Amino acid sequence: MISIPISFLLASVFLGLGVLAFSWRVLPTLTRCLFLALFCVMSLEAVLVGLRFAFANYTFLPLQRVLPVWIAPLVFLSFASLAVSQATLGKWLLVNGVISAGLSVALFLPVPFVGYIDAVIALSFTVYAVALIRLWS
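The rules behind the values
- Residue positions are given per chain, counting from 1 as you read along its sequence in written order.
- Given that this is a predicted model, residues contribute local features only at a pLDDT of at least 70 and side-chain atom pairs are listed and counted only at 80 or more, while totals for whole chains, interfaces and linings are drawn from all residues.
- Hydrogens and water molecules were not included; the side-chain quantities draw on all heavy atoms of the structure.
- The definitions used throughout rest on a 1 Å grid laid over the protein atoms alone, on which a cavity is an enclosed set of points accommodating a 1.4 Å probe that cannot get out and a pocket is an open set flanked by protein within 12 Å on both sides along at least five of seven lines; lining residues are those having an atom within 4 Å of a point.
- Grid points are joined across faces, edges and corners, and a volume is the space filled by probe spheres set on the points.
- Classes in brief: Ala, Val, Leu, Ile, Met, Phe, Trp, Tyr, Cys and Pro nonpolar; Asp, Glu, Lys and Arg charged; the others, Gly included, polar.
- Secondary structure elements are defined from DSSP: runs of H or I of at least 4 residues count as helices, runs of E of at least 2 residues count as strands, and each element is numbered from the N terminus.
- Here the expected span of a helix is defined as 1.5 Å times the quantity of residues minus one.
- Put simply, a disulfide is two cysteine sulfurs that come within 2.5 Å.
- Throughout, exposure labels follow a simple rule: accessible area from a 1.4 Å probe, protein chains only, divided by the maximum for the residue type, with under 20% read as buried, over 50% as exposed, and the rest as partly exposed.
- Think of a nonpolar core as a cluster: buried Ala, Val, Leu, Ile, Met, Phe, Trp, Tyr and Cys residues, connected wherever their side-chain atoms sit within 4.5 Å.
- Note on definitions: a residue-residue contact is assigned when non-hydrogen atoms from the two residues lie within 4.5 Å.

Undergrad: What should I look at first to understand empty space enclosed by the protein in this one?
TA: In this approach, a probe sized like a water molecule rolls over the atoms, and the result shows the empty space that is left. Using the criterion set out here, one finds one cavity of 30 Å³ or more in the structure. Of the voids in this model, the largest cavity is the one considered here, and its volume is about 30 Å³. Lining the largest cavity, in full, are Leu48, Leu51, Arg52, Asn57, Tyr58, Phe60, Leu61 and Gln64. Here the lining of the largest cavity is composed, by residue class, of five nonpolar, two polar and one charged.

Undergrad: Please clarify how helix H2 (residues 29-55) should be interpreted in this entry.
TA: Taking 1.5 Å of rise per residue, the 27 residues of H2 would be expected to cover 39 Å, and the 38 Å separating its terminal C-alpha atoms lies within 8% of that figure. Count one or two residues on from H2 and you reach Ala56, which has phi positive near 55°.

Undergrad: For this particular structure, what's the right way to read the layout of surface pockets?
TA: By volume, the largest pocket amounts to about 160 Å³. For the largest pocket, the full set of lining residues is Phe76, Asn96, Ile99, Leu103, Val120, Leu123, Ser124, Val127, Tyr128 and Ala131. For the lining of the largest pocket, the secondary-structure elements that each account for two or more residues are helix H5 (86-106) and helix H6 (116-136). Per element, the largest residue contribution to the lining of the largest pocket is six residues, and it comes from H6. Class assignment of the residues belonging to the lining of the largest pocket gives a composition of eight nonpolar, two polar and no charged.

Undergrad: Teacher, can you tell me more about the state of the cysteines here?
TA: Here, the word disulfide means a covalent bond between the sulfur atoms of two cysteines. Summed over the entire model, instances satisfying the criterion amount to zero disulfides. Distance from the sulfur of Cys33, which forms no disulfide, to the nearest cysteine sulfur (Cys40) is 10 Å. Residue Cys33 is classed as partly exposed on the basis of its relative accessible area, which comes to 36%. Relative accessible area serves as the criterion here: at 33%, Cys40 is assigned to the partly exposed category.

Undergrad: In this structure, what is going on with the nonpolar core? I would like to understand it.
TA: Nonpolar side chains in soluble globular proteins tend to be buried together. Grouped together as the largest cluster of nonpolar side chains are 18 residues, with contacts concentrated most on Leu38, Phe39 and Met42. For this core, the element with the most residues is H2, which contributes seven residues. Other than its neighbours up to four places away in sequence, Leu38 contacts Ile71, Leu74, Val75 and Ser78. Of all hydrophobic cores here, the second largest spans seven residues; its members include Val66, Val69, Tyr116 and Val120.

Here it is as structure tokens:
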């Protein structure tokens with residue numbers, strides 16, 4: 001019997017959701033592109049997790065550590081694109097892109113703290129969860 005790691009199945013679900021969101025013509029083009037980017041990044045992360053744990057392939061570990069700091073802003077921006085004007089969204093795209101790039105660089109700093117990478121990712125998710133809640137309210 002063929003054994004397929006669950007993360008590869010999850011990656012295919014994310015890709016399917018991305019294609020579905022992109023093909024939904026009711027949404028504005030930028031919103032569809034943001035949701036597609038979100039689901040593609042999540043799919044890539046799931047594939048990298050599958051490669052790491054199912055096949056002990058650590059080649060892409062640096063990329064696997066960086067992707068989560070891009071997922072949280074993409075979730076926020078995808079849903080924000082449904083609620084704010086295009087001008088505001090353009091500013092938010094720039095600000096969040098710079099923040100994510102800065103966090104990506106910060107993950108590679110040689111910090112002698114054991115849980116540094118996990119702390120940065122957790123802080124990023126917490127900040128964007130609060131931002132999503134504020135956007136919702």
